[in-house]
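Geometric and topological summary
Listed below are the residues making up each chain.
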Amino acid sequence: MTLDTSVAPEAPFDDQITIQQLTLDPYSVYKRLRAEAPVLRVKAVGRTLLTKATDTKYVKDNPALFSSNDPNTPMQRAFRAHTLMRKDGAEHAAERGAMAPAFSARNIKQCWEPIYTQIAEDYVSRLPRGETVDLFTTLAGPFAARCLTHLLGIPEASDAEMQRWSQILIDGAGNFGWADALFAQCDAANDEMDALFDAASDRLRAEPDQSALSVMVNAADPIPKSQIYSNIKIAIGGGINEPRDALLTILYGLLQDLDQFEAVKRDGLWADAFEEGVRWVAPIQVSSRLVTEDTMIRGFHIPKGDTVMTIQASANHDEEIYEDGHLYNVFRPKLPHQAFGNGPHFCQGTHVARRMLANIMLPLLCDRFPNMRLPEPDKVQFYGFGFRGPRSLPVTLN
Ligand code: HEM
């Protein structure tokens, strides 16, 4: 059946919402939009925002109508290549499949879990007992970076390099103002990464392992080198911030309500603490898709060529699914959330992230410092529109 979308009205238009509001306090905006305007063209973002869970899932589950292949984003320039995140269909599947063996359940258990456990032991044992330290800089960022170097096959990269490259790639992919200086930073970082990947590829050809770079360069019919490198870069851009922010968010959620903290420690509810944390404040809050044909959402005409933005952060607070979604509550009924996305681009690192945090870091850290406390919970600031998490997390370790 062909939809006659021409008779449908355009979605309402907003010129009041600012990027600053969406960066500082997005959830109050999304709450209002879910109630009043769940399909809204927002001038400041230049996109049609979708804030209801059924709509965000519908879009991601329908790649033929809502393509990831948006040529108008700065990502291609920042990464010096078209990455798998911006591809559809067979091309996307081939590139995702090329990395997939590194993310298999077997490799997570046999290869990454022992390494990650050792890294967690090392990094937690460096933390000073009895002092107040910022777990953002001392633990969450470095831990995420070090684990990722092993998964990707580049353990020679330092934690500082990984975090710097990750941030530059993220900034470049979000450089919608096309600022030259930012792209120049991306070029310099790309040069550094490419040189390191060249050396690592030689090493891994001689001594293959289960890492993403190794399985790609040693494949019988490898994808082009440009794609191997750009997809390793996607994993660098997408594999540090999210576990880092998830860890800090979960710790904040637990420490602002010590009854939950005690129950989680006592009953080992680490998986619940993890899922609830990423539901509560989704580390990747939004995603964009390009509309390939005139269509309708909630009775509104969505024209071909429009860009819709699925707000998974909002979907995860949708009143139709969650009661008091704005609260961190490890005891809430288990319901599917959208923090890892949906459809063909569903996060490839989901199980790695669960293992790193729910199975390894959270129980270890809370076992070593069972009485840790937030000295000033009211001063913890969450920040970010595209990516979101606490800007810092000072914790007194006991
Ligand atoms: C709590 C941690 C994490 C969260 C919440 C998260 C979230 C997401 C989301 C929402 C997407 C989909 C974006 C879209 O639909 O456009 C995604 C994609 C992706 N994530 Fe994650 N991520 C996490 C950790 C990781 C880790 C540790 C890796 C490791 C490399 C990773 C690798 C990827 C990759 C490669 C993609 C692209 C998949 C594709 O386009 O087919 N993620 N992630």
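Residues numbered from 1 in each chain as written. Predicted model: local features only at pLDDT ≥ 70, side-chain atom pairs only at ≥ 80, totals over all residues. Heavy atoms only, no water.

The name given to the protein chain in an unreviewed UniProt entry is Cytochrome P450, and the organism recorded there is Seohaeicola saemankumensis.

Let us now look at the coordination of the iron atom of the ligand. A lone protein donor contacts the iron atom of the ligand, and this donor is C347 (SG), found at 2.3 Å. On the secondary structure map, C347 appears in the loop between α15 (312–315) and α16 (350–368). (Donors = N, O, S within 2.8 Å, 3.2 Å for Na, K, Ca; no water. Helix = DSSP H or I, 4+ residues; strand = E, 2+ residues; numbered from the N terminus.)

Summarising the sheet, strand β1 (residues 13–14) and strand β2 (residues 39–42) pair through two bridges and their orientation is parallel. Across the sheet, residue F13 finds its bridge partner in β2, namely R41. Pairing analysis gives four bridges linking β2 to strand β3 (residues 47–50), with the strands arranged antiparallel. Following the sheet pairing, V39 is matched in β3 by L50. What sits between β2 and β3 in their antiparallel hairpin is a turn of four residues, with G46 showing a positive phi close to 70°. (Pairing = 2+ DSSP bridges.)

A few words on the packing of aromatic side chains. For the coordinates displayed, the defined rule picks out ten aromatic pairs. Seen in terms of ring centroids, Y27 and Y30 are 6.4 Å apart; in terms of plane orientation they differ by 85°. Their pairing is edge-to-face. With Y27 and Y30 both in helix α2 (residues 26–36), this residue pair falls three residues apart, about one helical turn. Y30 carries the same exposure label as Y27, and that label is buried. Ring geometry for F197 against Y229: centres 5.2 Å apart, planes inclined by 80°, an arrangement best described as edge-to-face. Of the two residues, F197 is situated in helix α9 (residues 180–206) and Y229 in helix α11 (residues 225–239); the sequence distance between them amounts to 32 residues. (Phe/Tyr/Trp six-rings, centres within 6.5 Å; stacked < 30°, edge-to-face > 60°. Buried < 20%, exposed > 50% of the residue type's maximum accessible area, 1.4 Å probe, protein only.)

Moving on, we get to the site of the ligand. H92, R96, R289, H345 and C347 are the nearest of the 27 residues found near the ligand. H92 is positioned with one of its side-chain polar atoms (N or O) 2.7 Å from an oxygen atom of the ligand. Elements with a minimum of two residues in the shell around the ligand: α5 (89–99), α7 (135–152), α11, α12 (241–255) and β6 (286–291). Here the element with the most residues in the shell around the ligand is α11; it accounts for four residues. Residues that form the shell around the ligand fall into these classes: 15 nonpolar, eight polar and four charged. (Near = heavy atom within 4 Å. Polar contact = N/O pair within 3.5 Å; in protein donor to acceptor, adjacent residues only side chain to side chain. Nonpolar A, V, L, I, M, F, W, Y, C, P; charged D, E, K, R; others polar.)

So, about helix α13 (residues 258–267). Within α13 the residues assigned to the buried category are Q260, F261, A263 and V264. Looking at the packing, one finds that the buried side of α13 touches α12, α14 (270–280) and α16. Among the residues trailing α13, G268 stands out with phi positive, at a value near 60°. (Contact = heavy atoms within 4.5 Å.)

Moving on, we get to the sheet that holds strand β9 (residues 307–311). Strands pair in a sheet through their backbones, by hydrogen bonds, and they do so in one of two ways: parallel or antiparallel. The sheet built from six strands is open, its strands ordered β1-β2-β3-β9-β6-β4 with mixed pairing. A single partner strand is all that each edge strand has here, and the edge strands are β1 and β4 (66–67). Where helix α3 (residues 53–61) meets the sheet, its contacts fall on β2, β3, β4, β6 and β9, and the angle it forms with β9 comes to roughly 125°. (Axes fitted to C-alpha atoms, helices over the stretch in contact; angles between N-to-C directions.)

Further remarks concern the side chain of H345. With respect to the element layout, H345 can be found in the loop between α15 and α16. Separated by 3.3 Å, the side chains of H345 and H92 make a polar contact.

A word on the pairing of β6. Moving residue by residue along a regular strand, the side chains alternate between the two faces of the sheet. A large share of β6 lies buried, amounting to six of its six residues. Side chains V286, S288 and L290 project from β6 onto one buried face, and the interleaved S287, R289 and V291 project onto a second face that is buried too. Here β4 pairs with β6 via two bridges, running antiparallel. Paired with F66 across the bridge in β6 is V291. In this sheet, β9 lies alongside β6 in antiparallel orientation, the contact comprising five bridges. Opposite V286, over in β9, you have I311 as the bridge partner.

The subject of this paragraph is the state of the cysteines. A covalent bond bridging the sulfur atoms of two cysteines is what the word disulfide describes. Going through the model one piece at a time under the given rule, you end up with zero disulfides. Residue C366 stays outside any disulfide, its sulfur separated by 16 Å from that of C147, the closest cysteine. (Disulfide = S-S within 2.5 Å.)

The next thing to look at is unusual backbone geometry. Leaving glycine out, the prevailing phi sign among residues is negative, and the prevailing peptide bond configuration is trans. Within the chain, R80 stands out as a residue other than glycine whose phi angle is a positive 60°. Residue position: R80 is located in the loop between α4 (75–79) and α5. With a relative accessible area of 38%, R80 lands in the partly exposed category. In this structure, W178 is a non-glycine residue whose phi angle is positive, near 50°.

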